[in-house]
Amino acid sequence: MDSLEIKGGNALRGEITISGAKNAALPLLAAALMTTDKLVLENVPRLADTLSMEGLLRHLGVAVTRDHETVTMSGGANSFDAPYDLVTKMRASVLVLGPLLARYGEARVSLPGGCAIGTRPVDLHIRAMQALGAVVELADGYIQARARKGLQGGRIMFPMVSVGGTENALMAAVLAKGESEIVNAAREPEITDLADCLNAMGAQISGHGTDTITVQGVDTLHAATHRVVADRIEAGTFAIAAVMTQGDLVLRGARDRHLDALLAVLRETGASIESQPGIIHIKSNGRPRAADITTDPFPGFPTDLQAQFMAMMCIADGSSHISETIFENRFMHVPELLRMGADIKVNGGTALVRGRASLTPAPVMATDLRASVSLVLAALATTGTSTVSRIYHLERGYSDLETKLGNCGAELCRIKA
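All of these numbers come straight from a predicted model, not from anything done at the bench. Position numbers for residues count from 1 along each chain, tracking the sequence in the order it is written. Totals for whole chains, interfaces and linings use all residues, but because this is a predicted model, local features are given only for residues with pLDDT of at least 70 and pairs of side-chain atoms are given and counted only at 80 or more. Where side-chain values are given, they derive from all heavy atoms of the structure, hydrogens and water being excluded.

Draft legend 1. Fine view of the pairing of strand β14 (residues 224–227). Exposure is judged per residue with a 1.4 Å probe applied to protein chains only, and the accessible area is read against the type maximum: over 50% gives exposed, under 20% gives buried, and values in between give partly exposed. To qualify as a helix, a DSSP run of H or I must reach at least 4 residues; to qualify as a strand, a run of E must reach at least 2; elements of each kind are numbered from the N terminus. Taking every second residue as pointing to the same face, the buried face of β14 carries Ala224 and His226, while none of Thr225 and Arg227 on the other face is buried. The sheet contact formed by strand β3 (residues 39–42) and β14 spans four bridges and is parallel. The residue of β14 that forms the bridge with Leu39 is Ala224. Any two strands are treated as partners once DSSP identifies two or more bridges connecting them.

Draft legend 2. Representation of the sheet that holds β14 in the model. Strand order in the open sheet formed by four strands is β4-β5-β3-β14, with mixed pairing between adjacent strands. The outermost strands of the open sheet, each flanked by one partner alone, are β4 (63–67) and β14. Taking the axes of each pair of neighbouring strands and ignoring which way they run, one obtains an average angle of 15 degrees across the sheet. Sheet topology note: the β3/strand β5 (residues 70–74) ladder contains three bridges and is antiparallel. The angle between two axes is taken between their N-to-C directions and runs from 0 to 180 degrees, where each axis is a line fitted to C-alpha atoms and a helix contributes only its stretch in contact.

Draft legend 3. Seen up close, the side chain of Gln306. Within the secondary structure layout, Gln306 lies in helix α10 (residues 306–313). With relative accessibility at 0%, the residue Gln306 sits in the buried group. In protein, a polar contact means a hydrogen-donor-capable atom and an acceptor-capable atom, both N or O and within 3.5 Å, with residues adjacent in sequence counting only if both atoms are side-chain atoms; elsewhere, any N or O pair within 3.5 Å suffices. Among the polar contacts listed, one links the side chain of Gln306 to the side chain of Glu324, at a separation of 3.0 Å. By definition in these notes, contact holds between two residues if any of their heavy atoms fall within 4.5 Å. Discounting chain neighbours no more than four positions away, the residues touching Gln306 are Thr295, Phe301, Ile322, Glu324, Arg330, Phe331 and His333.

Draft legend 4. Representation of the pattern of salt bridges. Salt bridge criterion: a side-chain nitrogen from Lys or Arg within 4 Å of a carboxyl oxygen from Asp or Glu. This model, assessed by the stated rule, comprises 15 salt bridges. Residue Arg414 is joined to Asp2 by a salt bridge in which the shortest nitrogen-to-oxygen separation is 3.1 Å. Of the two residues, Arg414 sits in strand β24 (residues 411–415) while Asp2 sits in the segment before β1 (3–8), which places them 412 residues apart along the sequence. Each of Asp2, Glu395, Glu402, Arg414 and Lys416 takes part in salt bridges that share partners, so that together they form one network.

Draft legend 5. Region of interest: the confidence of the model for the protein chain. Taken over all residues, the pLDDT of the protein chain has a mean of 94, while the share at 70 or more is 97%. For the stretch residues 114–120, pLDDT sits under 50, and the model shows 22 contacts to residues farther than four places along the chain or on other chains. Within a predicted model, pLDDT stands for the predictor's per-residue confidence, ranging from 0 to 100.

Draft legend 6. Expanded view of the packing of aromatic side chains. For Phe, Tyr and Trp, where Trp contributes only its six-membered ring, two rings pair if their centres lie within 6.5 Å, and the inter-plane angle classes them as stacked under 30 degrees, edge-to-face over 60, or tilted in between. Under the definition given, this model contains two aromatic pairs. Geometrically, a lysine NZ or arginine CZ counts as sitting over a ring once it is within 6 Å of the ring centre and also within 35 degrees of the ring normal. Between the NZ or CZ atom of Arg108 and the centre of the ring of Tyr142, over which it lies, the distance is 3.7 Å.

Draft legend 7. How the structure looks around the sheet that holds strand β2 (residues 13–17). A sheet is described by the order of its strands in space; here four strands give the open sequence β2-β15-β17-β16, paired in mixed fashion. The outermost strands of the open sheet, each flanked by one partner alone, are β2 and β16 (272–276). Strand-to-strand, the axes of this sheet are offset by a mean angle of 15 degrees, without reference to chain direction. As judged from the five bridges shared by β2 and strand β15 (residues 248–252), these two strands associate in the parallel manner. Residue pairing across strands places Gly14 opposite Leu249, the latter belonging to β15.

Draft legend 8. The arrangement of the nonpolar core in detail. The criterion is simple. A nonpolar core is a set of buried Ala, Val, Leu, Ile, Met, Phe, Trp, Tyr and Cys residues joined through side-chain atoms within 4.5 Å. Membership of the largest hydrophobic core comes to 76 residues, with the highest contact counts inside it found for Met73, Val96, Val174 and Leu198. Once you skip the residues sitting within four places of it in the chain, Leu198 turns out to touch Ala31, Met34, Leu170, Met171, Val174, Ala203, Ile205 and Leu221. The next biggest cluster of nonpolar side chains, apart from the first, holds 69 residues, and it includes Ile18, Phe238, Ala254 and Phe331.

Draft legend 9. Structural view of the pairing of β16. Relative to strand β17 (residues 279–283), β16 is paired through five bridges, and the arrangement is antiparallel. Paired with Gln276 across the two strands is Ile279, which belongs to β17. In sequence, β16 turns back onto β17 through a hairpin of two residues, with Gly278 there showing a positive phi of about 80 degrees.

Draft legend 10. Quick look at helix α2 (residues 48–60). Take the number of residues in a helix, subtract one, and multiply by 1.5 Å to get its expected span. The end-to-end C-alpha distance of α2 is 19 Å, a good match for the 18 Å that 13 residues give at a rise of 1.5 Å each. Among the residues making up α2, those that are buried are Asp49, Thr50, Ser52, Met53, Glu54, Leu56, Leu57 and Leu60. Considering only its buried residues, α2 is in contact with α1 (22–30), β4, β5, β6 (81–82), α3 (84–87) and α4 (97–104). One or two steps after α2, the chain reaches Gly61, where phi turns positive at roughly 115 degrees.

Draft legend 11. Summary view of unusual backbone geometry. In this chain, Phe298 is followed by Pro299 through a cis amide linkage whose omega measures 15 degrees. Residue placement: Pro299 occurs in the loop between β18 (293–294) and α10. The phi torsion at Gln246 lies on the positive side, around 55 degrees, for a residue other than glycine. Summarising the element assignment, Gln246 is placed in the loop between α8 (232–244) and β15. A residue is classified by how much of its surface remains accessible, and Gln246, at 40% relative accessible area, is partly exposed.

Draft legend 12. Representation of the packing of helix α5 (residues 123–131) against helix α6 (residues 163–174) within the structure. Axis separation between α5 and α6 bottoms out at 9 Å; the angle between their running directions is 25 degrees. Looking at the two axes, α5 sits roughly parallel to α6. Between α5 and α6 lies a crossing of right-handed hand. Across the interface between the two elements, His125, Ala128 and Met129 of α5 pack against Gly164, Gly165, Asn168, Ala169 and Ala172 of α6. Between 65 and 115 degrees an angle is taken as roughly perpendicular, under 35 as roughly parallel, over 145 as roughly antiparallel, and anywhere else as oblique. Less than a right angle of anticlockwise turn of the near helix away from the far helix marks a crossing as left-handed, whereas a clockwise turn marks it as right-handed.

Shown next, in the form of structure tokens:
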């Protein structure tokens, strides 16, 4: 497995163009199953996860072509079976369940894989399909669902906020007969982006961006072209990197309203932040001050930025409390940060981080996507050379990370296995 050798201590300065959001692109790619007409998606990042979803769509019969960051799909499915060897690579593969069931009346989807960061129950997806009239069972490691007479509009009440569950429910409801209501829906920007694309294809969705979404079912969807929203997690990662390295970065394509919770806390740490449409300028004013966070569904502090924020608190002035409320296993980066000299005490879902003036370079190992990039940030902010191994995790969520950081003054190189 490849690793990254990072010589830290350089302030990051310059401009970075933010890529399209992986977490928006994945359900948008799955939406191609809902029509035989052409769906063109622009600004689709070239990542392991998006390429895996494209491969799954090809397996199901969709004609898929990629030209740089533009993906064109057409033709619909001729298979309704998403097998284990494809789905296990990426948890988001379960997003084909709703489109297949709504468009063709049946689906057989392997139970998914992905980062081992905690329980992300597929039962929420199953309950949503059942609320729309589907018959669903788990057998031999597969979700097997059918709706021979088509899905029927219904009321889907989520007991807890689920982004993937909301996306699957939304796509299924679009082609169900009658009106559907999704209650306690996720409000993430990626949900809004999906709804905007589906509406461009002829869907009738309202209320997206709130916790109650209403869908008037339609018979068919048609061709459309849609540009994937910028990745708020990538933008947030680089914003934290600027503060950690006492740098000065301009993030192009980023939307500040998607990062309100993070930007508010970064201001607490002493950073200067200016924004205008499509641009965030973040500048460090010295060693960051400690601040507390609690992860929450959007518009709260994103769980996908918790590891990066913890890395920053390891070198902050003072002590901070970090509470993780979304995934119970999302402190797997802590042992690796400890190897670099961090002072972290974990008690259940809360971590106490006592900041130190600097960390110590060390060889560390990535355990999941966001943990891996937190180790990269820690290495960038540490004088000396560190090695981050198992960086294949990075390739699932960060497009051209090495180039973007290198263009802003980072010294890093990939070591081939």
